[in-house]
Amino acid sequence: MSEKKEQQSKASLNKTEDSNKSDQEIVRFEKMEKLARENINLFPHNVKKTHSIIDVIEGFSSLSKEDLEKKNVKVTVPGRIISIRRMGRATFFHIADCRSRLQAYLKEDKVGKKNYQLFSLFDIGDIISVEGVLFKTRTEELTVLADSFTFLAKCFHPLPEKWHGLQDVELRYRKRYLDLIMNPAESEVFRLRSAMIAYIRKFFDQNGYIEVETPMMHSVPGGALARPFKTFHNALGMDLYLRIAPELYLKRLIVGGFEKVYEINRNFRNEGISSEHNPEFTMLEFYQAYSDYFDMMEMTEELIHGMSLSILGTEDVTFGDNTISLKRPWKRVTYKEALASYSGIAPARFENKAGIIELAGTLAPDKKGLSYGKALDIIFDKHVKHNLIQPTFVINPPKEVSPLAKATEKNPDEAERFELVMCGMEIANAFSELSDPAEQKKRFEQQEEARKGGDEDAHWIDTDYIHSLEYGLPPTGGEGIGIDRLVMIFANRKSIREVILFPLLRQK
RNA sequence: GGGCCGUUAGCUCAGAGGGAGAGCACCGGCCUUUUAAGCCGGGUGUCGCUGGUUCGAGUCCAGCACGGCUCACCA
């Protein structure tokens, strides 16, 4: 390309860019060019800060006006400009990060005419560092009286409006950075989430567990009844599936002699999206040898109750209009009792298996080849689950829908399994792990039949897993806890997207 | 995937057959303790997209796209 042509194409490129820019964006771009002409480093490499905004607020808010003056506290504190009040030869502005905000005061006679004019090239959204001495204004607001300031980054887009902020839910999720800038309270949800996960790690580490990482790419997806995402490994020429659960690998580790293992990571399920479902979600799974599902119930109570006391400072959690009491012990009801008490279906009708299957068929017309157990499960999900607000262990569901759990000792049709339901959501799922390789093989084969009958969620046959059981799996209790949903409850958020930083959205 | 609702300025929203509007933000002017700073002046727009009805469509109709709620599925 000739020089002339190149210049032309550059010019037209700029023109195209400008035509896509709003008036406000053009103004900001021009201000940056002016800063460049003033020899301001537009993208500085570093800044020597003495305090974060929160350090200043927490450290000096309580001091009286006079004490603050006496102390003569010098700070260099960086932050994003979120408001500017220009008043001729003086300017007030606030800088903020997603935790707190701090006012700064700029006077022309303090910083000099040239610097004061330079500040007029700054916009709401720009990141700067303010150097100065702390004082309190007439209204007792802690403020930095600026001696100088340093430009750190230009914000090329106008920020949303200061009263209502960013409300558009779609934009909040697509541009989470903007959500965090405009709605700093949102960052509390993710700080809470981080604290919960840190608590979980501490809890299991202190209980003698080790944290492990098992494959997220499986050649045979297993450990749950769900549809997987499929992918492909080029060099090996191999189909792979993103894991739907880590379960079968974690139990292989119990076979291998690790007595207590846990894993916190993502599972992927190729299902619908809803306020309770994101295609990738975070699951805690833990397995403990020489234990059964009763031990898992005790641990679950201890973990979540302790977490609430430690992080929220209460055992009564507010979720929407409800107050959830985490006081131990939690309610335990059998699956049958739950169906009888909450489904609104007369208990006698459950004797009529064909009738129940028919009823479930009307509730879930997409499902084909329903078994009695699967039918009960549909009725449970549809009519029972959302009535269980207080933490409730629903125990002993049908064995048919629990292909990885031991049958109870009393009833061969029921599984030693519980689902923990809170706020109408399934939070945890645990069982006494099936350890009989022949029985496991049989269950897988039954699942395979169901799959052939059109049940897309049915479990695949994992022959390597059966082989591992043949080396001996001790009596083991295992459990999965949906972290996103637990965060929803602790953070009092009704949508899973509010607790996932970047929830999956359709491509625009 | 079904049902209902939504999409208008950078943001938050009004406008429901006939002039493209408000507040904040932005631009120009005044203003050295303001804080939803204030005062004076300025509207910056592909009314989501594509068709249709109409003399005339932001407004009515159809289709599409994206989103929210909800149902289905799932944890």
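These numbers were taken from a predicted model, which means no experiment stands behind them.

The next subject is the domain arrangement of chain A. According to the domain assignment, chain A consists of domain 1 (18–159) and domain 2 (184–330 + 390–498). When each unit is reduced to the centre of its C-alpha atoms, the spacing between domain 1 and domain 2 is 48 Å.

This part covers the packing of helix H9 (residues 184–206) against helix H17 (residues 483–491). Contact geometry for H9 and H17: axes closest at 10 Å, N-to-C directions at 120°. The orientation of H9 with respect to H17, classified from their angle, is oblique. As for the relative orientation of H9 and H17, their crossing is right-handed in sense. Packed against H9, whose contacting residues are Val-189, Leu-192, Arg-193, Met-196, Ile-197 and Ile-200, the element H17 presents Ile-483, Asp-484, Leu-486, Val-487, Phe-490 and Ala-491 at the interface. Residue classes in the contact of H9 with H17 are distributed as ten nonpolar, no polar and two charged.

Okay, the state of the cysteines next. Taken as a whole and judged by the stated rule, the model has zero disulfides. Sulfur of Cys-98: no disulfide; nearest cysteine sulfur belongs to Cys-155 and is 15 Å away. Classification of Cys-98 as partly exposed rests on a relative accessible area of 29%. Residue classification places Cys-155 among the buried positions, given a relative accessible area of 11%.

Contacts to RNA strand B come from 59 residues, most closely from Thr-139, Lys-162, Trp-163, His-277 and Lys-382. At 2.9 Å from a phosphate oxygen of RNA strand B is found a side-chain nitrogen or oxygen belonging to Lys-31. A distance of 2.9 Å separates a phosphate oxygen of RNA strand B from a polar atom in the backbone of Asp-168. Counting residues per element, the ones that place at least two in the surface near RNA strand B are helix H2 (23–37), strand E1 (74–87), strand E2 (90–96), strand E3 (101–107), helix H7 (169–174) and helix H14 (372–384). Its residues assigned to classes, the surface near RNA strand B shows 17 nonpolar, 15 polar and 27 charged.

Tracing the backbone through its elements, the reader meets His-218 in strand E7 (residues 217–218). Here the side chain of His-218 touches Pro-215 through a polar contact of 2.8 Å, landing on its backbone oxygen. Beyond its immediate stretch of four places on either side in the chain, His-218 contacts Leu-240, Tyr-241, Arg-243, Ala-245 and Tyr-249.

Attention now goes to the packing of aromatic side chains. For the structure on display, the rule yields 20 aromatic pairs. Seen in terms of ring centroids, Phe-29 and Phe-156 are 6.2 Å apart; in terms of plane orientation they differ by 45°. Their pairing is tilted. Of this pair, Phe-29 sits in helix H2 while Phe-156 sits in the loop between strand E5 (142–153) and H7, and the two are 127 residues apart along the sequence. On the accessibility criterion, Phe-29 (29% relative accessible area) is partly exposed. Under the relative-accessibility criterion, Phe-156 is labelled partly exposed at 27%. Plain terms: the ring middles of Phe-204 and Tyr-262 are 5.1 Å apart, the flat faces sit at 25° to each other, and that makes the pair stacked. With Phe-204 in helix H9 and Tyr-262 in strand E10 (residues 260–268), this pair connects stretches of sequence that are 58 residues apart. Each of the two residues, Phe-204 as well as Tyr-262, counts as buried. Feature note: the residues Phe-93, Phe-119, Phe-122, Phe-149 and Phe-151 constitute an aromatic cluster, connected by ring pairs. The ring of Tyr-249 carries Arg-252 above its face, with NZ or CZ at 4.6 Å from the centroid.

Rules of the game
- Counting from 1, residues in each chain are numbered in the order their sequence is written.
- Lettering for chains starts from A, numbering for ligands starts from 1, and both go in the order in which the items are written.
- Residue-level local features of this predicted model are given only where pLDDT is at least 70; pairs of side-chain atoms are given and counted only at 80 or more, and the full residue set underlies all totals for whole chains, interfaces and linings.
- With hydrogens and water stripped out, all remaining heavy atoms of the structure feed into the side-chain values.
- Residue ranges for the domains trace back to a domain assignment, done automatically or taken from a database.
- With axes taken as lines fitted to C-alpha atoms, and helix axes fitted only over the stretch in contact, angles between N-to-C directions fall between 0 and 180 degrees.
- Helix and strand definitions follow DSSP, with helices as H or I runs of at least four residues and strands as E runs of at least two, each counted in order from the N terminus.
- Should an angle fall under 35 degrees it is called roughly parallel, over 145 degrees roughly antiparallel, and 65 to 115 degrees roughly perpendicular, with every other angle called oblique.
- Each helix crossing is assigned a hand: it is left-handed if the near helix lies turned anticlockwise from the far helix by less than a right angle, otherwise right-handed if that turn is clockwise.
- Residue contacts are counted whenever heavy atoms from the two residues lie within 4.5 Å of one another.
- Residues are sorted three ways: Asp, Glu, Lys and Arg are charged, Ala, Val, Leu, Ile, Met, Phe, Trp, Tyr, Cys and Pro are nonpolar, and all the rest, Gly among them, are polar.
- Whenever a pair of cysteine sulfur atoms sits within 2.5 Å, that pair is classed as a disulfide.
- Buried, partly exposed and exposed residues are distinguished by accessible area as a fraction of the type maximum, computed with a 1.4 Å probe on protein chains only: under 20%, between the cut-offs, and over 50%, respectively.
- Residues are classed as near a molecule or strand on a simple rule: at least one heavy atom within 4 Å of it.
- Within 3.5 Å is the distance limit for a polar contact, defined as a pair of N or O atoms, with the added protein rule that one can donate a hydrogen and the other accept it, and that residues adjacent in sequence qualify only through two side-chain atoms.
- Here the aromatic set is Phe, Tyr and Trp, taking the six-membered ring for Trp, and pairing holds for ring centres within 6.5 Å; pairs whose planes are under 30 degrees apart are stacked, those over 60 apart are edge-to-face, and all others are tilted.
- As a reminder, the over-ring test applies to NZ of lysine and CZ of arginine, requiring each to be within 6 Å of the ring centre and within 35 degrees of the ring normal.

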